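Each chain is listed here by its residues.
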Amino acid sequence: FFGSSSFDYCVYAASLGYVDLCVAAYSITDKRAAVTTFFETSDDPIYLITFTDSGDSTSWSSFTEEFGKIFAPFTGAAWAMIVLLSLPLLGLLMMYHEYGSPGSAYP
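Quick caveat: nothing in here was measured; it's all calculated off a predicted structure.

Undergrad: Explain the overall build of the chain to me, and be specific about the residues and the numbers.
TA: Each helix and strand counted, the chain has 4 helices and 0 strands in total. Its helices and strands in sequence order give the chain the pattern α-α-α-α, from N to C terminus. Taking all 107 residues of the chain together, 7% fall into the buried category. Within the chain, counting contacts between residues at least 6 apart in sequence, those at least 24 apart form 22% of the total.

Written as structure tokens, this is what we have:
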């Protein structure tokens, strides 16, 4: 037992047999790794795979065509609602919530 953090308490309780394992989002440091083993369940890297044609895939027209696919999941009306209604409303809510708070960027 070497500290007063929740990690230290949990490892100490596990070593005494009070608990079987500790489940939490602990950061793995050298000191902690020397005391116990970790089983990581959230290590799921994201792989982005793209395919290109054998032709001239670096032209400006192919770039704009591929860039436009980013906006394809929503219709034009949905994007208009997001940009003209949702984002300004969220901005106003943020300003209302943060206005006058200590450390706020708003006066």
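Next comes the rest of the write-up.
Undergrad: So what's going on with the environment of Val23? Which residues, and what values?
TA: Tracing the backbone through its elements, the reader meets Val23 in the loop between helix 1 (6-16) and helix 2 (30-35). Residue classification places Val23 among the exposed residues on the basis of a relative accessible area of 73%. C-alpha of Val23 to C-alpha of Phe7: the two residues are 16 residues apart in sequence and 9.8 Å apart in space.

Undergrad: Lay out a nonpolar patch on the surface with the relevant residues and their values.
TA: On the surface, Val83, Leu84, Leu87, Leu89, Leu90 and Leu93 cluster together into a nonpolar patch covering about 610 Å² of accessible area. Structurally, Leu84 is set in helix 4 (residues 76-98). Using a relative accessible area of 66% as the deciding quantity, one classes Leu84 as exposed.

Undergrad: Before we move on, could you go through the packing of aromatic side chains and cite the residues and values that matter?
TA: Applying the stated rule across the entire model yields 3 aromatic pairs. Ring centres 5.7 Å apart and planes at 75° place the aromatic pair Phe67 and Phe71 in the edge-to-face group. Residue Phe71 is classed as partly exposed on the basis of its relative accessible area of 39%. A centroid spacing of 5.3 Å and a plane angle of 85° characterise the contact between Phe74 and Trp79, whose relative ring orientation is edge-to-face. Overall, the relative accessible area of 27% leaves Trp79 in the partly exposed class. Taken together, the ring pairs in this structure connect Phe67, Phe71, Phe74 and Trp79 into an aromatic cluster.

Definitions and cut-offs
- Residues numbered from 1 in each chain as written.
- Predicted model: local features only at pLDDT ≥ 70, side-chain atom pairs only at ≥ 80, totals over all residues.
- Heavy atoms only, no water.
- Helix = DSSP H or I, 4+ residues; strand = E, 2+ residues; numbered from the N terminus.
- Buried < 20%, exposed > 50% of the residue type's maximum accessible area, 1.4 Å probe, protein only.
- Contact = heavy atoms within 4.5 Å.
- Patch = residues over 30% accessible without salt bridge, like charges linked within 9 Å, V, L, I, M, F, W, Y side chains within 5 Å.
- Areas by Shrake-Rupley, 256 points an atom, 1.4 Å probe, with all protein chains shown as cover.
- Salt bridge = Lys/Arg side-chain N within 4 Å of Asp/Glu carboxyl O.
- Phe/Tyr/Trp six-rings, centres within 6.5 Å; stacked < 30°, edge-to-face > 60°.

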